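Structure at a glance
If you want the building blocks of each chain, they are given just below.
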Amino acid sequence: MLTYWTIDIISPALPAIQRSLVLSAAGASLVWSLLFAGRLLGNIPAAMLVDRVGPSLTAAFGSALLALGSLLAAVTGHLPTLYPGRVVQGLGIALLVNAGLRALVRIKPGQGAALTYFGFAATLGGVFGLQSGGFLTGSLGWRSVFVLSAAISVILLVLALAVSRGGQDTQAPRTRRETESPPASSARWAAIALPVML
C-alpha cells in the first residue's frame, strides 16, 4: 500500500507543477510518465536482485532510491532535476514492487491469494495517494507531495532493514514442494510483504 501511495500522490499536484514550472501539456505529462519509464527500466534488474539478495534487501535498495528521487523532485526549481528525480523514483518503485510481490507469493503461493492481496493493497494505496496528494497540494504546495513520498520511503527503508537483520532471505524456492509450503522464515517474508504492500 505504501509503495502505491507514492505513485498516485502526484496526480492532484500535476496542474500546480505545470503552472509553477510553466510546462506545456507534454511537459506536464512527462512528470507523470517518467516515473513509469523508470519502473519499466528497473523491473528486470529488480527481479534479478530479488533472486540474488532477497526481498528485504531489495526493498531496502528500492526505498533508498525512492527517497532519493522524491527528495530530488521536492527541492527542484527546474526540469533538469525534476525529470531525473521521477525516473529514480520509478526505479525504486520497481524494486519495491518486485520485492513485495515475491514475498507475497512466498507466503501465499496458492489459489491466487497473493495477487488478491496485491490488488487490494495497490487500490488502497492509490486512494490514500490521491486524497493526500490533493490535500497537500492545496494546503502546502506541490513540493509537499514529494516530501511525503520521501517520508514514506524512509519508513519502508527502516522496516526493510529491520527485516533483513533477522536473517538473509536470499533464494527463491527451487522445487515444487518448497513452493507449496511457506518457508520456516515466513515471518520475515510477511514482515517485508506487509510494509511494502499492505
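Further up the page is the structure itself.
Quick caveat, the model's predicted, so the values are computed rather than measured. (Residues numbered from 1 in each chain as written. Predicted model: local features only at pLDDT ≥ 70, side-chain atom pairs only at ≥ 80, totals over all residues. Heavy atoms only, no water.)

**Structural notes on the environment of S20**
Its location among the elements puts S20 in helix 2 (residues 14–20). Using a relative accessible area of 40% as the deciding quantity, one classes S20 as partly exposed. The spacing of S20 and G77 is 57 residues in sequence and 8.8 Å in space, taken between C-alpha atoms. (Helix = DSSP H or I, 4+ residues; strand = E, 2+ residues; numbered from the N terminus. Buried < 20%, exposed > 50% of the residue type's maximum accessible area, 1.4 Å probe, protein only.)

**Observations regarding the packing of helix 4 (residues 55–75) against helix 7 (residues 143–165)**
Where helix 4 meets helix 7, the axes come as close as 8 Å, and the angle between the chain directions of the two elements is 160°. Taken together, the axis directions place helix 4 and helix 7 in an arrangement best described as roughly antiparallel. As helix 4 runs across helix 7, the sense of the crossing is left-handed. Between helix 4 and helix 7, the residues in contact are S56, L57, A59, A60, S63, A64, L66, A67, S70, L71, A73 and A74 and R143, F146, V147, S149, A150, S153, L156, L157, A160, L161, V163 and S164, respectively. Across the contact of helix 4 with helix 7, the residue classes tally to 17 nonpolar, 6 polar and 1 charged. (Axes fitted to C-alpha atoms, helices over the stretch in contact; angles between N-to-C directions. Parallel < 35°, antiparallel > 145°, perpendicular 65-115°, else oblique. Left-handed = near helix turned anticlockwise from the far one by under 90°. Contact = heavy atoms within 4.5 Å. Nonpolar A, V, L, I, M, F, W, Y, C, P; charged D, E, K, R; others polar.)

**Here we look at a nonpolar patch on the surface**
On the surface, F120, L124 and F128 cluster together to form a nonpolar patch covering roughly 280 Å² of accessible area. Relative to the assigned elements, F120 resides in helix 6 (residues 113–140). (Patch = residues over 30% accessible without salt bridge, like charges linked within 9 Å, V, L, I, M, F, W, Y side chains within 5 Å. Areas by Shrake-Rupley, 256 points an atom, 1.4 Å probe, with all protein chains shown as cover. Salt bridge = Lys/Arg side-chain N within 4 Å of Asp/Glu carboxyl O.)

**Details of the nonpolar core**
One finds I17, V31, L82, W142 and F146 to be the most contacted residues of the largest nonpolar core, which totals 40 residues. Of all the secondary-structure elements, those providing two or more residues to this core are helix 1 (2–8), helix 2, helix 3 (25–53), helix 4, helix 5 (79–107), helix 6 and helix 7. With 7 residues, the top contributor of residues to this core is helix 5. For F146, the contacting residues outside a window of four places in its chain are I10, I17, S70, A73, A74, L82, R86 and Q89. (Core = buried A, V, L, I, M, F, W, Y, C linked by side-chain atoms within 4.5 Å.)

**Comments concerning the packing of aromatic side chains**
Going through the model one piece at a time under the given rule, you end up with 3 aromatic pairs. On the basis of an interplanar angle of 25° and a centroid distance of 5.2 Å, the ring pair of W5 and F128 is categorised as stacked. Of the two residues, W5 is situated in helix 1 and F128 in helix 6; the sequence distance between them amounts to 123 residues. Exposure remark for F128: the relative accessible area of 36% places this residue in the partly exposed category. Ring centres 6.1 Å apart and planes at 90° place the aromatic pair W142 and F146 in the edge-to-face group. Take W142: its relative accessible area is 5%, and that puts it in the buried class. What makes F146 buried here is its relative accessible area of 2%. (Phe/Tyr/Trp six-rings, centres within 6.5 Å; stacked < 30°, edge-to-face > 60°.)

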